[in-house]
Structure formats: C-alpha cells, structure tokens
Amino acid sequence: MVSKTDETSPVAADTREGKELENDIGKEACDCAHSSGMPLVNGDAGHDHSETENHKERVDDETRVDDENEQEVIVIQDTGFTVKMHAPGIEPFDLQVSPQEMVQEIHQVLMDREDTCHRTCFSLQLDGNVLDNFSELKSIEGLHEGSNLKVVEEPYTVREARIHVRHIRDLLKSLDPSDSYNGIDCNSLSFLSMFTEGDLGETGKRKRKGSELEQIDCTPPEHILPGSKERPLLFLQPQTKETKPLQCLKVLTMSGWNPPPGNRKMHGDLMYLYVVTMEDRHVSITASTRGFYVNQSTTYIFNPKPANPSFLSHSLVELLSQTSPIFKKNFATLQKKRVQRHPFERIATPFQVYSWTAPVMEHAMDCVRAEDAYTSRLGYEEHIPGQTRDWNEELQTTRELPRKNLPERLLRERAIFKVHSDFAAAATRGAMAVIDGNVMAINPGEETKMQMFIWNNIFFSLGFDVRDHYKDFGGDNAAYVAPTNDLNGVRAYNAVDVEGLYTLGTVVVDYRGYRVTAQSIIPGILEREQEQSVIYGSIDFGKTVVSHAKYLELLEKTARPLKIQKHNVLSEKDDEVELCSSVECKGIIGNDSRHYILDLLRTFPPDLNFLPVEGEELPEECSKMGFPKEHRHRLSCLRQELIEAFVEHRYLVFMKLAALQLMQQKANRQEKDCAAMTENGSSCLTGAVENNKTVLEDGKAEENLSGLDQARDLAESIASEDTTVDPKSKEVTLNAYKAVGSVSNTSFDIRFNPDIFSPGVRFHDPDCEELQKQKQLLKDAAAFLVSCQIPSLIKDCVDQTVLPMDGATLAEAIHQRGINIRYLAKIVQLVSKSLARQQLDHIHKLGVTELITRSVKHIFKIYLQGVELSGLSVAISHFLNCFLSSFPNPVAHLPTDELVSKKKRNKRKPRHLGNADNTAWASMTPQELWRNISNEAKSYFSFSMDCESVDQAVELYGLQKISLLREICVKSGIQILLKEYNFDSRHRPTFTEEDILNIFPVVKHVNPKASDAFHFFQSGQAKVQQGFLKEGCELINEALNLFNNVYGAMHVEICACLRLLARLNYIMGDYNEALSNQQKAVLMSERALGVDHPNTIQEYMHLALYCFANGQLSTALKLLYRSRYLLLLVYGEDHPEMALLDSNIGLVLHGVMEHDLALRFLESALAINGKYHGVKSLKVALSHHLVARVYESKAEFRSALQHEKDGYTIYKNQLGDNHEKTKESSEYLKYLTQQAVALQRTMNEIYRNGSSSSILPLKFTASPMAGVLEQLNVINGILFIPLSQKDLENLKAEVQRRQQLQETVKRVEQGETTEEKVTAPHHREKSQTTIESSTEQASA
C-alpha cells in the first residue's frame, strides 16, 4: 500500500519508513564512501557480452569495479546540510537533510518525530514561498545550510481529515502487535529487544556487568538444557509483562451522523467523529476545514453547534488532550516509547511475513480497520488519487525508465521494486477476496472452477483445467503447476530485461486449498477474442502456430542469456514457422502498442527424467536410478540454475579439451590427422565428464593453467574472427566446440530447444541430425542432474558447506543446485545408502520431514476445497488431529447451526448449510490420512514409507511432532494459538477448533533485484577473500548504500550485507560497530524472514559473539539460549549447528565460572561433533580440549587428562608430532599431570597427618575472558594471525595465484550460483590479518 500521505503516483512516492532512518543508515554506513565524493562506478558492464567474455568476467569478477572506468564515472556528492525547522507550539530545531531528498521526505520525518507527530496537514515554506512536495531539495532556490523552514498549518479537505484520523490511529496503535500477528500492512514481529533489554552498544554500556560476575544469572531454563525432551511452544513468542499497551481512548470511530448535510457542509463541516474517553465521557467531534472541535450532538440528537466552552484545534491530538487528562498523559508516554524503539522494529517490510502462531489477542474497536475492510472490498483505495491503480501501466512504465548511468538505474530499480511490492500486496488481498466469495465473477454463469475475476485492475483465474486446455499434459495437476512455471518464466525474462519486451505482473497465491493466479491486464485484451490478438506463438499447444518478425527480433536478444535455441516448427498447414521460445509462449500487442509475452510456462527445457517418451533411451546414469518416471503432469521443466550449471560444466570440459589438445600439439609438433582429432575429441569429452571431479595434481597444475589460459585466449580470438590465429590451433578449438555440443562453430554457445518432446509440436524432419543433437543435449542435461548435481549436493552436505535446518532451507539448497523438489526422495535414498550416512543424519531427517509434510500439503489442499467457510476452524483442527495427535479416534464436531433458536429446535431438522457432501471431510480418520500420506509419498515422490500413524513415523525416522506441525503450518498458511500442545495424550485430541486462529495465503512472486548493489557486494566479498579488508569493507558499505537506495531500509539482501559488515568490523577490531551492524541484521532477519527462520538463528549466534567481545556477558548468554531454543523447536537437538552452539554456550559459561553447566553443553557438543565429523576429526580434538579445560578448572584432573589425551592422539595421528597443535596439547598434558600429582600429594598428606598438616595452596586457573574469547573465535572460524608486512605481501601473492588456479578449475565445476553467495557470505571469507577458516584448519 502506498504511504498514507502521498498524493502522487506511487512511483514518485517514497517508501513508508521515516526518512530519518535512511539518513541514519546511510550516513552511518558510508562515512567512507559518499562524503568524500568517492567516484561511484557504473557497476553494470553492458548486458549482452558473448559467453566467453562472460566467463572471463566471472574470473576477473573482483577487478570489475576497478576496470570499468572506461564507462562514464558518476560522482554522487552527498554533502548533507542542516536547516532550521519552525513548527507551531514548539522551539525551533535543526534537521539534517540531503540534496537528493524530496520535500515529501521532510514531511515524513516531521510526522514521525515525537514533538510534531500529530500534524499531517501542513506545508513547508521558505521565505513565505510554499515548497512543492515532489521537488528535490537541490532544485529549490535559496535553500542552503542554515535556511529557516516554516511549518504552516493548511486548511483540511475531507481527504486530509481522513488521513489525519488514520495517522492518529496509527500513532495510538504504534506499540500494539496485533497487526503483526494478523499479517496486515507489512507489519511483522521482532523479539530481539526482549533479550537485550533495550538497545545494545552505547546504551548497553551503562548496564554492563562484566566486572561484577556474580550478578549474572546463567542458569538456562530447563527445556534448553542438553538432553531435554520438552519442546515448549510458548517461548517462541515471549509476551512482555505489559502485554496490553497503554490505552489512550476507549473508542475512536466515525459517527453515525456522517456525511454532513448540505447546510453544514456550507459551514465547513467535513465529517463527524465519535469518541469515548478513558474517563467514560462520550464526545462527538466535528472535523471542519479549520480543524477539530467538540459539538453538541449525542447518540440520538444531531446538534452540530460547538460545545461550551468551544475550543478549535488544528490537531485532533491537541483537542483530545484538552478533553481527556488520561489521554494527554498516556499519549505522551506512548510516543516516548514509540520513538525509543529501534527504527527496524517499526518500519514496514517490503513483502508480508505471516506468523504461524499467535497469542490470544483482544479484538478492539477500530474505525480505520473497519473502513479499510469495507473500501478494499469495493476494489479501490480511498487515500490514493484516481481511485484504482492501473497496475499494468505502472509496472510497464517503471521498466521504461532510463538506465544509462548509476543514478538512473537506482531510480529505475527503486521504482520497479516499489510498484512490485505494492502489486504483490494488492494481488494477495484480491485473491483472498476472490476465494472468500467477495468478488463477482466476470463469467458468473459458468461453474465455479471456470470463473474468472477482475478486482482493482487485476485479473484473477483459478488453478483448474478450464475447457480441457491441459488435457494432454495432466489435466488439473498440470493446471495447478502451470502458474508457478509461468512465474519462473516471468522471473527469467524480467532478469534479462530486454528493452521493448514486456511481461505481465504475475503473483501466484495459494489460499484455502485453491491456487489463484493474479495478473496485470494487457490494455484492450478483454475487448477482443484471444485468437485475434495472438500474433506470435500458439494458443492450442502447437496445432496452429504463428510468428512475427518484431517478436523474433526481441526474443532473439533473450535467447543467449536464457540458452534458448531458435527453431522451426510446422503449423497446421505444414508451413515452417520460426520461433525463438517454446510454442505456447504467446505474443500480444496491447492497445498501448507494447509487445507483451505471456504463458511462459515452458521457458526452460523439459526434464526427461520425468517425461517418458516412446522410443527414446535415457543415458545410463539415469536409467540406473530408475528414470524416466511417469509424473503427474507433463510440464516438468529443468530449473534455470541447472541449465546454467550445465553450461558452465560444458565450458570447463571445452577448456580442458582444447588445452589438452594444444598441449599435445606443443609436445609433438608433427601433423595430426584431423579425423583422429575428432574421435579423440569425443572420447575426451566423455573422459572429461567422468573426471569432472578430479582436480589436476599440483605439479601439472601450473602448466595446465597456462594451457587453459591459452585455450581461452584462442577461443576469444576465434570468436572475434582474428585472422592471425594458427590454423591448426583453430581446428583444435573448433573440434572442441563440436565435441561439447555448441550450436555455433566459432564460439562456445550451448542452447536448448524447449519444444522437443512437446506433444502436439511437429518438426519438418524429425530425424535430421540437428534435432538429434538437440535431443542428445537434453538427455545429457538430465544425466548431469543425477550424476553431478545430486552427488555434489550430498558432498556439500557432508562437508557442511550447506547446513539446512528446516524444510525451507533444505529446499533452497536443493534449488540452488538446480535440482527440483521432485528429486527429493532420490536424494533421501542416496543419503541413506551413503557411506557417510551418519554424517548425513540431519539431511535424512529433514528430507523425510519434507517428504511427509509436502505429501500432507497436497492432501490438505484437496481436503480444504470441500470445506465451506463456516466449518474451516473445525475442519483444520480435525485434520491436524488426524495428522499429529496420538488420540486414536478424533471426532469432528460439525458446526452447529448457531442461529436456530432453542424453542424451535425440536420442530426443525438441523439443516446443513449448502449441499450435504460438504461434511465429507468430517469422516476422515488418522488411519485413513496416514494411508493417504503413504500413497501420496509413493505416487508423487516414489518414496515408500511404511507408517500407519504419526507415532510410527516419529519412531522410525526420529522426527519431532512440533517440527512437523511448524512445517505444515508454514507451508499451508495455518495460524494456531500459542499454547502448549499435548501430542501424545491418548485420551483427548491435541487440537480444538479454538486453537485455529487464521488461515493465511502463501504467496509466490518475482523478487526484483538491485543489480548494481549486488555487483558491489560481490566485488566486496571477492576483495575480502583476497585479503584486502579495507577495500572490501568500503565496497560492501557502498553496496549497503545502494541496497538502501533500491529496497528501502528493510530487505533480506541488506541483512546479508549487514552481517558481512559486522563480521569485518569484528575482525578489524571495531567491536562496537560490529555489534551495531549485527543488531540490525538480527532485527531485519526476524522481521523479513521470520522469528524462527534458520537464518535468524544464525544471526542470533553471531550477535552473541560480538556481545561477549563487548563484555555484555548476560546478554550474550540470553542470545545463545534463544538460538538454542529456536533450533530445538525447528529441528531438534541432533544437528551439526547445535555442536557449534553448545560449544559457544559452554565456553561462555566456563568464562563465568559455571563449570557444571559448561560441562553439560561442551559434552553435548563433543558427542554431536563426534557423530557428524567422525571421532578422529580435528573438531572433536578441539572439543576434547575444551572439556579438559573445564575439568581442570574443577580440579578433576583425571577426567581432564583423559580428554586431553584423546585430543592429543587425534592431533598426533592427523597432524604429526611436529605440528604446533600436537606440541601445545603435549605441553598441556604435562601441566595437567603435574597438577594431578600435586593434588594427590596434598591429599596423601592430609590422610597421613590429619587436618593439622601444612597444605600448599594449589594453583587453579580461572579462565580469563581473553582466553575464552580466543577460543570462541577459533570455534566460530575466526583466526587472527600476526604477520609482518613482507609476510602479508607474500600471502597476498600466494592467495591470488591460488585464486586464479581455483577460479578456472574449481568454480565452474562446483557450478555455484551467485545466489548462494548472497545467502551464505560468511562461509567463505579471508582477510588480511586474519584468515578465516573452518575450525578444521583453525585448529590445524
């Protein structure tokens, strides 16, 4: 929704959060960047490079920012200045502003400030001239440092009066979390401040208790201790002591006397309000053009005359303060509290985040909410000019904005992002209104499944197979999956961003068991038949096909980045038609003369593993795994990530081939027979594919690198048609191109034909070599998925470079490698057969949980479609009982007809609303549901599970019921009551209808990206990895600035940016800055991802480390306990990340002398490390050492010796006798032995001489804080190494040399997507004085 006060098109309008926040972030983050007028470089090096350039660019990614000076360099001077503000009734104050801001943003700041927040209807004047709201400050003459700006009250209009009331209501509700629980207006929850007790950093310093250790209470709650089986839910959303925020008024609502009659309108009455104060005084208020006053009307008598004594106030707050002393007092307190909260707790998130649990909330009277609900049903929003928004026009206009230089691109990306998040919110509201039955269909005569709707200029259709459109593709199943495929297509075309080619705004909403597709409307499409308007593509899956020159020209620009092969198909008249997309992609020219493409559901090639085709054999790798399999629909496509990984892999094979051949040529200068070369080439190809995993041994690596370089240079010179190339070398390269299946003979270019194997599509000569090659390429891609991508995923899980903690993060890891979720059962089977089965235990559990909950989601979807609105809560609670409760026979209580009066009850038969079969859902039993779950898992995923009840499944796979509950609620949008659920009672069902609070939509949409910011972020990461910390830090600060520019202050990517910054600050010794940045990262993760998202768990952990370094021990412990609680709830105890968490907790407890507690956590960590890393690993050795140190502090030397010996043995076997770790351990062993002997002597002395003997005091080492911090750094993978300048230079050279080697060989092999870099920057960081490493190397 657009900010409540803007009067413009939403593009010009700014994000809702106060501008002060952006200032706060911008100024703080970028002392090093903007203020110095640092040249900002154009971060987008042209969009259409050739593929070879692309690969070169990937290798030299880090130099990109420096090398781009040939493009124009833009200098953004952001020299802020101060103006003096004069507002009525308060002292003048200074305000810091920047020239880029609009006047509108000063308005926003004033409406957020504590002393001016109650004003909304005012203008800003400079020397008596009114400033235009939408002009930038730099364009205003005479505005400079020290200018005086006057706030002048303006007369109200009805619209302004409404805005004023809405704003006052927002201020009154500013601390009320109910909007966050209800998922309204992009509010979401955050609990960090409850664990840090206010702000961290400077204010935290005052409460510092570092020196007075004994004051800290370190005992964790019972359920957090290792080994506890309890998983309480109440702590997920801890309720503050003052759950009821301060109440200022009992009622504030529109009066029933609205609207004013004509004669009062002519006196300036705009509307009437009705207020009940806390003193129980009932007041009627007139809003007039000059302000607000109390009138003499009562509930039943209309008397608009001003009350005695009359008091006219321009602000409603001032009037109410005058009328009610309690209002005055509480409103002031409320605003103080509001302003004290961290800005990140208040501002809106870009997309709505829903909470799957909520406490009991009181439903209070709220005029604005009531009015919103009413007006939005009508499909227009009152506070936006022009009533409904023309979404299509807005979405397309923002794409047409200029993008030649950085400021233009920032403006464009910001506008795209803003309109997009508004569109997603409107589409979600509309989709819910459609399913709830509040929107009239445009074809009301048809049956329900076939109806279509228009609301708020958005077109809605349901995910059913209308008119047998998808008959050949799997009917309703295909119709259900088509919208998400289409969305992926829209995402891909949007990312390529070709000028002149337009896609529709698309949002897919799953709500109450229905899938709704919301699309913006092409101008004019509703006035004509589809057959007339489609001028490119086919409306019947290839029976009739047309093409269009302009579309071919536009689509050709997308063909290279999307790897689409231009091809010819036959139309019904057997003419060849040229296409540059899949056949059902349609081109329509709208009445606005724009070229639109829609139905992009097969942008990517089909996945042959799930598409059996008669007479086609799949490669051996696939058939060994039981592919091809019949799937429910024939629309399964490969993911874009897979296509890219496959092409990168092929590029590497090509490089190796060419390099090998060139080296052979070098070795024996004699002539080679061309034919032999080709044979050799193809066999080489298979060889190279086989050895994809082997990295060349060190000796060969050097010369091979030069071979690869040589091959690359050669490829480039051939591509640029350089005539000086040696013909033999040219031949080598051309043969290599051929061998890897490139479509072009002069460059490396792999493309897929998306129409091969499509039913209904015909080709001129099905057996020609060209088509056979295209078929082979598709088979190779399918084989690549099972033979390379899945094993590499499993390997990454064993190495723990991927650490999923719940279904969402597992799915994300799988998707990043281009694997579809339909392969999940395959992954689980491979994991269970793997040699490293034990190390993959968490992946196995997560995989099974995901298979079960996804199967349940499929069943639940169809179950809900049979339930009418009045039975929803009963039906959902019954379903959850059948799914999770041990109670053997739950009964669904059908909704009684509440409206039949008691007297007549016996005379009437109870009637069931609607038709009789609406209650079929009530007969479901747990046995039947679990039978269905098993069948669904078998038929959809080919996963056989022999479970007849939830208890069997929990027992067999070691799952947690609470985690299953969380997964199904999150996946299906269920919100349940926050309370303790007893799943295991056999006497009563777990859930009652009162426990189901709400059902939310699950929304999928495109995420527009901030491309320049992302390039800066990547370059910064690359710099950090090379050891250039300072430069890296500056680039990442710059990225943060640009992210803020595009996304506003709150976004997932900003969160990753802040986390990396905090880590850098920490490494460079600036603990305070680290704390401040990490605090923002935690808040943002809670708000934008969810309070129990795995990412939030990790952010809490990082924050705890920085708190500890800042001496805030009790806070550090609270954060670690929170982290542990969340991980227990989301997954359970047995997770590799838990070992790290427990080591952290144990170390901090050891630091505060809580030895017994510390031991419990450290021994738990030791056990988990032993399981996931093998008992011989260095991580286990380190765990042994930590446990030994605690035993030493307890003076239990025998146990200490035992553990240290185990550690020593591991070091000795792994690292050898001469390694410093082994030596350190050996020294410590000697020390422990001495201590043990001394203790024994003393004891003997006592036994011999009784208590009179003279006892020498023993030396006990209390663990000093610095020592603990050092160990914390080690286990968290941060290692400081003191180096001289010369060492540094050598190190950098070495790192760069290795980098180049790895970049060429390794990067492509891993097929890493850049996306992964954003989500997990902290896995790969190196630095100048520090080399970050996993604990393995750290302890080494």
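What counts and how
Residues numbered from 1 in each chain as written. Predicted model: local features only at pLDDT ≥ 70, side-chain atom pairs only at ≥ 80, totals over all residues. Heavy atoms only, no water. Helix = DSSP H or I, 4+ residues; strand = E, 2+ residues; numbered from the N terminus. Expected span 1.5 Å × (residues − 1). Axes fitted to C-alpha atoms, helices over the stretch in contact; angles between N-to-C directions. Parallel < 35°, antiparallel > 145°, perpendicular 65-115°, else oblique. Left-handed = near helix turned anticlockwise from the far one by under 90°. Contact = heavy atoms within 4.5 Å. Nonpolar A, V, L, I, M, F, W, Y, C, P; charged D, E, K, R; others polar. Phe/Tyr/Trp six-rings, centres within 6.5 Å; stacked < 30°, edge-to-face > 60°. Buried < 20%, exposed > 50% of the residue type's maximum accessible area, 1.4 Å probe, protein only. Lys NZ or Arg CZ within 6 Å of the ring centre and 35° of its normal. Pairing = 2+ DSSP bridges. Core = buried A, V, L, I, M, F, W, Y, C linked by side-chain atoms within 4.5 Å.

A. Representation of helix α38 (residues 1136-1151). With 16 residues, α38 should reach 22 Å at 1.5 Å per residue; the first-to-last C-alpha distance of 23 Å fits that figure. Looking one or two places after α38, you find Met-1153, whose phi comes out positive at around 65°.

B. Spatial organisation of the packing of helix α32 (residues 1011-1026) against helix α34 (residues 1052-1067). Interhelical geometry of α32 versus α34 gives an angle of 25° and a closest axis separation of 12 Å. One finds that α32 runs roughly parallel with respect to α34. In terms of crossing hand, the pair formed by α32 and α34 is left-handed. Where α32 approaches α34, its residues Phe-1017, Gln-1021 and Val-1024 are matched on the opposing element by Ala-1056, Cys-1057, Leu-1060 and Leu-1064. Of the residues in the contact of α32 with α34, the class split is 6 nonpolar, 1 polar and no charged.

C. Spotlight on the packing of aromatic side chains. Evaluated as defined, the whole model comprises 37 aromatic pairs. Ring centres of Tyr-272 and Phe-302 lie 5.6 Å apart, and the angle between their planes is 70°; on these two criteria the pair is classed as edge-to-face. Taken as a pair, Tyr-272 in strand β9 (residues 269-277) and Phe-302 in the loop between β11 (291-295) and α10 (316-323) lie far apart in primary sequence, 30 residues in all. Phe-302 sits in the partly exposed class, given a relative accessible area of 29%. Joined through ring pairs, the aromatic side chains of Phe-351, Phe-417, Phe-1017, Phe-1043 and Tyr-1047 make up one cluster. The ring of Phe-1028 has Lys-1023 sitting right over it, with the charged end atom 5.6 Å from the ring centre.

D. Seen up close, the sheet that holds β9. Pairing in this open sheet of 4 strands is antiparallel, and the strands run β8-β9-β10-β11 from one edge to the other. The outermost strands of the open sheet, each flanked by one partner alone, are β8 (249-254) and β11. Adjacent strand axes in the sheet meet at a mean angle of 30° when their direction is disregarded. Bridging between strand β10 (residues 282-288) and β11 involves 5 bridges; their strand directions are antiparallel. Of the residues in β11, the one forming a bridge with Ser-288 is Gly-291. Packed on one face of the sheet, helix α5 (residues 158-172) meets β8, β9, β10 and β11 and runs near 20° to β9.

E. Seen up close, the side chain of Ser-461. The topology assignment puts Ser-461 in strand β14 (residues 458-462). When neighbours within four sequence positions are excluded, Ser-461 is seen to be in contact with Met-452, Arg-515, Val-516 and Thr-517.

F. Structural detail: the environment of Phe-302. For the pair Phe-302 and Trp-257, spaced 45 residues apart in sequence, the C-alpha to C-alpha distance is 7.3 Å. In this view, Phe-302 contacts Trp-257, Pro-261, Arg-264, Tyr-272 and Ser-297; residues no more than four positions away in its chain are not counted.

G. Structural context of the nonpolar core. Ile-852, Phe-883, Phe-943, Ile-976 and Leu-1149 are the most contacted members of the largest nonpolar core, which has 277 residues in total. Tallying contributions element by element places helix α24 (residues 769-799) first for this core, with 14 residues. In this view, Leu-1149 contacts Cys-218, Leu-1117, Tyr-1121, Glu-1154, Leu-1157, Ala-1158 and Phe-1161; residues no more than four positions away in its chain are not counted. Leu-171, Leu-270, Ala-307 and Val-317 belong to the second-largest nonpolar core, a separate cluster that totals 28 residues.

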